[in-house]
Amino acid sequence: MIGPSDGMAMLSGLKVVDQTSVVFGPYCTQILGDFGAEVVKVEPPTGDGFRHAGRPAKTPGMGPQHIALNRNKKSLALDLKDDDAKATLRGLLADADIYVHNVRGAAIERLGFGYEAVKAINPAIIYVHCVGFGSNGPYAGLQAYDDVIQALTGTTNLLGRVDGDPRPRYLPSLIADKVAGLHAAYATMAAIVHRLRTGEGQFVEVPMFEAFANFMLKEHLAGLTFDPPVGDACYARQVDPHRQPFPTKDGWVSIVPYRPGHAQQVIAALGDPAFAADERFATLEGAMAQLPLLYARIGELTADKNSADVVAIMHSINMPAMPVRDVGEVPADPHLQGAGFFFRTEHPTEGTVLQMREPSRFSAWDGGEPAPAPTIGQHNAEFSR
């Protein structure tokens, strides 16, 4: 038995057959691969369509999103309309620990790789089906993409609650896909623990709609939590139009005066103790009622100072504050640089690429450098019959 402090990755020894595409499934299996599982990415001869997403790649099919989502994987290109290709996949599944796919139910049954068929090959397999909608609801079997899930979960209406613009808008992130991928990863690991305890494989269904609704409504179910409701949906603090970054002479800063009295403390530290001591803010109720006025005064005081100076003042009074950055500036962040979060590797076909480390840290294992994202069918010879 492998000991707990052997320095090996936690999922070393597990074999994953990954027949997923785009983001939801590949993010799940990328996490499994980062934690040491052997991941074989089964894709069509033209490759996972998301290989071609984003900016033009140096090599066709090796786009930046593919490089981010498919490191630590081997690529096996199979045309599953072909009987020999199906036989190859069946051979892989026979000694796999985990099978993850996002093929719709009817289609995977037609291919011959539904749960019962795969279980007949390998009774102990953990079979993870990444779906748009749970099979126990009326949307079962429908296609789902990130935009659709953002719309259905009320996410597209959140910005309108803040700024008064009634147009629904997508958050500019594949947030539903990524959240669902995280749910799939931890559901898979829970099934691994179950198998270690019982020896039993199982079918695991991870629906994107339900996963993202669960994620978004943790705070935003709000007054609807109670029956009958005691108020509206949404955590009021999150949709407060006044709770926004504050302007500075050279940019913007985020300041979080979260606890009672914090806003007055911020205002005093920024140079207006008289305003902070105004009797209108003397009670908690009064301060809460006057939050827009307090936030407005903070913005007036930060506007004539540089961001670095505002952040330094806030840190001197132990107030959470950081500068606002453009997403393109994040790789230069001094904390992420100091923590070694970003690192460069040499990809066999793409040259130098910037990558991000698995963010969790473990005393018994150092993640090390990941294997590069594969080209289409790069490992076919390894799995040829």
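Note that this is a predicted model, so its numbers are computed, not measured.

Focus on the packing of aromatic side chains
Stage number 1. What the rule picks out here adds up to 14 aromatic pairs.
Stage number 2. Ring geometry for F212 and F215: centres 5.8 Å apart, planes at 20 degrees, overall stacked. You can see F212 and its partner F215 sitting in helix α9 (residues 208–220), 3 residues apart, about one turn around the helix.
Stage number 3. Ring plane angle 45 degrees and centroid distance 6.2 Å describe the contact between F246 and Y295, whose orientation is recorded as tilted. A residue pair is termed long-range when its members are at least 10 positions apart, and F246 in strand β7 (residues 246–248) and Y295 in helix α13 (residues 291–302) qualify at 49 residues.
Stage number 4. Among the aromatic side chains, those forming a connected cluster through ring pairs are Y99, Y115, Y127 and F203.
Stage number 5. Here R297 stacks its cationic end above the ring of F275, 5.9 Å away from the centre of that ring.
Stage number 6. In this structure, R357 is placed above the aromatic ring of F343, and the distance from its NZ or CZ to the ring centre is 4.2 Å.

What about unusual backbone geometry?
Stage number 1. P228 follows D227 through a cis peptide bond whose omega is 5 degrees.
Stage number 2. Within the secondary structure, P228 sits in the loop between α9 and β7.
Stage number 3. Of note in the backbone geometry, V22 takes a positive phi value of approximately 65 degrees without being a glycine.
Stage number 4. Residue classification places V22 among the partly exposed positions, given a relative accessible area of 27%.
Stage number 5. Positioned with a positive phi, N72 is a non-glycine residue whose angle comes to about 55 degrees.
Stage number 6. Within the secondary structure layout, N72 lies in the loop between α2 (64–69) and β3 (73–77).
Stage number 7. The buried category is assigned to N72, whose relative accessible area is 18%.

Side note on the sheet that holds β7
Stage number 1. Strand order across the open sheet formed by 3 strands is β7-β8-β9, with antiparallel pairing between neighbours. Edge positions in the sheet fall to β7 and β9 (321–323), since each of these pairs with one other strand and no more. Strand-to-strand twist in this sheet, taken as the mean axis angle between neighbours without regard to direction, amounts to 30 degrees.
Stage number 2. Sheet topology note: the strand β8 (residues 251–255)/β9 ladder contains 3 bridges and is antiparallel. In the sheet register, S254 faces β9, and the bridge partner there is M322.
Stage number 3. The strands touched by helix α14 (residues 307–316) are β7, β8 and β9; relative to β8, the strand with the most contacts, the crossing angle is about 15 degrees.

Reading guide: rules and limits
- Residues numbered from 1 in each chain as written.
- Predicted model: local features only at pLDDT ≥ 70, side-chain atom pairs only at ≥ 80, totals over all residues.
- Heavy atoms only, no water.
- Phe/Tyr/Trp six-rings, centres within 6.5 Å; stacked < 30°, edge-to-face > 60°.
- Helix = DSSP H or I, 4+ residues; strand = E, 2+ residues; numbered from the N terminus.
- Lys NZ or Arg CZ within 6 Å of the ring centre and 35° of its normal.
- Buried < 20%, exposed > 50% of the residue type's maximum accessible area, 1.4 Å probe, protein only.
- Pairing = 2+ DSSP bridges.
- Axes fitted to C-alpha atoms, helices over the stretch in contact; angles between N-to-C directions.
- Contact = heavy atoms within 4.5 Å.

Nothing here speaks to function; it is geometry throughout.
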